Amino acid sequence: ELARHGRELIAHGAFGLRTALEAVRHNKLRAALTSLGILFGVASVIAMLAVGKGAEQEILEQMRLLGSNNVMITPLVEQKEGKADEEPTREVKKFSPGLTYADAQALARVIPAVEAASAEIVLNTSITREGRRRSGKVLGVDSTYFRLTNLALAQGGWFSAEQVARGLPVAIIGQGLRTRFFTTDDPIGKPLKVGEIWLTVVGVLADGRVATETAARLGIRDANMDVYVPVHTMLTRFRNRSLLTQQDIEQAARAGTFTRAGEEESEEVRAERTNPHQLDRIIVRVAETGQVMPVAEIAQRMLARRHNTVVDFEISVPELLLKQEQRTKAI
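From a predicted model like this one, the values you see are computed outputs, not experimental measurements. (Residues numbered from 1 in each chain as written. Predicted model: local features only at pLDDT ≥ 70, side-chain atom pairs only at ≥ 80, totals over all residues. Heavy atoms only, no water.)

Draft legend 1. Fine view of the overall build of the chain. Within the chain, the secondary structure is distributed over 12 helices and 10 strands. The buried share among the 331 residues of the chain stands at 36%. For the chain, contacts bridging at least 24 residues in sequence account for 77% of all contacts bridging at least 6. (Helix = DSSP H or I, 4+ residues; strand = E, 2+ residues; numbered from the N terminus. Buried < 20%, exposed > 50% of the residue type's maximum accessible area, 1.4 Å probe, protein only. Contact = heavy atoms within 4.5 Å.)

Draft legend 2. The arrangement of unusual backbone geometry in detail. Look at Asn-150: it is not a glycine, yet its phi comes out positive at around 60 degrees. Its place among the elements puts Asn-150 in the loop between α4 (145-148) and β4 (153-156). Taking the relative accessible area as the measure of exposure, Asn-150 reaches 33% and is therefore partly exposed. The phi angle at Asn-308 is positive, at roughly 60 degrees, despite the residue not being glycine. Here Asn-308 shows up in the loop between α11 (292-306) and β10 (313-316).

Draft legend 3. Seen up close, the pattern of salt bridges. Tallied over the entire structure, the rule returns 7 salt bridges. When the shortest N-O distance is used, the salt bridge between Asp-103 and Arg-306 registers 2.6 Å. With Asp-103 in helix α3 (residues 101-110) and Arg-306 in helix α11, the pair connects residues that are 203 residues apart, well separated along the chain. One salt bridge connects Glu-115 with Arg-147, and the closest N-O pair in it is separated by 2.6 Å. Taken together, the positions of Glu-115 in strand β2 (residues 114-129) and Arg-147 in helix α4 put the pair 32 residues apart, joining distant regions of the chain. Exposure remark for Glu-115: the relative accessible area of 42% places this residue in the partly exposed category. On the basis of relative accessibility, which here comes to 42%, the residue Arg-147 falls in the partly exposed class. (Salt bridge = Lys/Arg side-chain N within 4 Å of Asp/Glu carboxyl O.)

Draft legend 4. A nonpolar patch on the surface, seen in detail. Judged by side-chain polarity, Leu-29, Leu-33, Leu-36, Leu-39 and Phe-40 come together as a nonpolar surface patch covering roughly 560 Å² of accessible area. Inspection of the secondary structure puts Leu-36 in helix α2 (residues 28-66). (Patch = residues over 30% accessible without salt bridge, like charges linked within 9 Å, V, L, I, M, F, W, Y side chains within 5 Å. Areas by Shrake-Rupley, 256 points an atom, 1.4 Å probe, with all protein chains shown as cover.)

Draft legend 5. Molecular detail of the pairing of strand β5 (residues 170-173). Burial along β5 is two-sided: the face carrying Val-170 and Ile-172 and the face carrying Ala-171 and Ile-173 are both buried. Pairing between β5 and strand β7 (residues 197-205): 4 bridges, direction parallel. Within β7, the residue paired with Val-170 across the bridge is Thr-200. As paired elements, β5 and strand β8 (residues 226-230) share 2 bridges and run antiparallel to each other. When the bridges of β8 are listed, Ile-172 appears paired with Tyr-228. (Pairing = 2+ DSSP bridges.)

Draft legend 6. Representation of the nonpolar core in the model. Counting residues in each nonpolar core, the largest one holds 63 residues, and the members touching the most others are Ile-73, Leu-107, Phe-159, Leu-192, Val-227, Tyr-228 and Val-284. Of all the elements, β2 adds the most residues to this core, at 8 residues. If we skip the residues at most four places from it in the chain, Ile-73 touches Leu-99, Leu-107, Arg-281, Ile-282, Val-284, Leu-303, Phe-313, Glu-314 and Ile-315. (Core = buried A, V, L, I, M, F, W, Y, C linked by side-chain atoms within 4.5 Å.)

Draft legend 7. Fine view of the pairing of strand β9 (residues 281-286). For β9, a buried count of 6 out of 6 residues is recorded, marking the element as mostly surrounded by other parts of the structure. Of the two faces of β9, the one lined by Arg-281, Ile-283 and Arg-285 and the one lined by Ile-282, Val-284 and Val-286 are each fully buried. Bridge count for strand β1 (residues 70-75) against β9 is 4 bridges, and the pairing is antiparallel. Considered in β9, the bridge of Asn-70 is made with Arg-285. As defined by bridge partners, β2 adjoins β9 across 6 bridges and the pair is classed as antiparallel. Pairing of Ala-116 across the sheet is with Arg-285, part of β9.

Draft legend 8. Spatial organisation of the packing of α3 against α11. Look at α3 against α11: their axes get within 11 Å of each other, and the N-to-C directions meet at 135 degrees. In terms of orientation, α3 and α11 fall into the oblique class. Of the two elements, α3 crosses α11, and the hand of that crossing is right-handed. Facing α3, whose interface residues are Ala-102, Asp-103, Ala-106, Leu-107 and Val-110, α11 presents Ala-299, Met-302, Leu-303 and Arg-306. Within the contact of α3 with α11, the residues separate by chemical class into 7 nonpolar, no polar and 2 charged. (Axes fitted to C-alpha atoms, helices over the stretch in contact; angles between N-to-C directions. Parallel < 35°, antiparallel > 145°, perpendicular 65-115°, else oblique. Left-handed = near helix turned anticlockwise from the far one by under 90°. Nonpolar A, V, L, I, M, F, W, Y, C, P; charged D, E, K, R; others polar.)

Draft legend 9. Spotlight on α3. Residues of α3 that are buried include every one of Tyr-101, Asp-103, Ala-104, Ala-106 and Leu-107, and no others. On its buried face, α3 sits against β1, β2, α8 (231-238), β9 and α11.

Draft legend 10. How the structure looks around the packing of aromatic side chains. What the rule picks out here adds up to 5 aromatic pairs. Aromatic side chains Tyr-145 and Phe-146 sit 5.7 Å apart centroid to centroid with 85 degrees between the ring planes, which places their arrangement in the edge-to-face category. Phe-146 gets classed as buried once you look at its relative accessible area, which sits at 2%. Ring-pair connections join several aromatic residues into one group, and the members of that group are Tyr-145, Phe-146, Trp-158, Phe-159 and Tyr-228. (Phe/Tyr/Trp six-rings, centres within 6.5 Å; stacked < 30°, edge-to-face > 60°.)

Structural measurements only, silent on function.
Laid out in structure tokens, this is it:
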């Protein structure tokens, strides 16, 4: 009985297939149009899914560049608020030491959820080697900075704990500087003059180009053209903005704002010279993603106490920017 039932099903199937093929032969145009409709319909669904997946991949890539568990702390001019018609009253200005390396160390030491806290100091300078010179930026960082900013090494090594602690004249350069100043030479162990200081190159970063628009929107540095030195090297050999130097006094006493070459200072150089903060940024890495916002709130209260309640810093969480962008793309 089962065998007979199976043979009947096969016969019905074969009859239906012959009928379908015969209908296709007699209605070729209609069959072709139906096939095209199916083809374009399936292709459009696949394309839409691919676009959504690509947008998700872009967000994940940006999150990798920023570090989804990072909290950024940057200097800020003190904010004032009040009624427009209010008479100005003289108040005793509270003293704040500004954003300092001690703040970064305290955040990592006091808050248990903080995995690491890294300092960043940026200084405009000139870079010179074998008669070639170009303007650039030198960054003072500590040993955890490169891990927190997801920078990879192409050759050489990272800063050792001794180089950071003693402030030795060593440098890690970006791939762009290696191409311009060490065209045929191996840069490791070679000297490079940054400003008035001779540094020994100990490492070269891997090429990590980021689109200019993405870098500007997310606050990511283009590391290819930068020179990195240990944070104590920056503070002792280049400039420590928390200390008043003879050069600062002489510049303040000048009638105009001009450089040594007689050219008028740019807005960027002037802002750097008048910046009272020792650091330009603190990057805080939180151990778990769920603790990012609580750590940001604790850091806010902690720094407020250390800065005598003066609002001279700003805390931002990159993950919030990326989530907002993700919501926009989803809509």
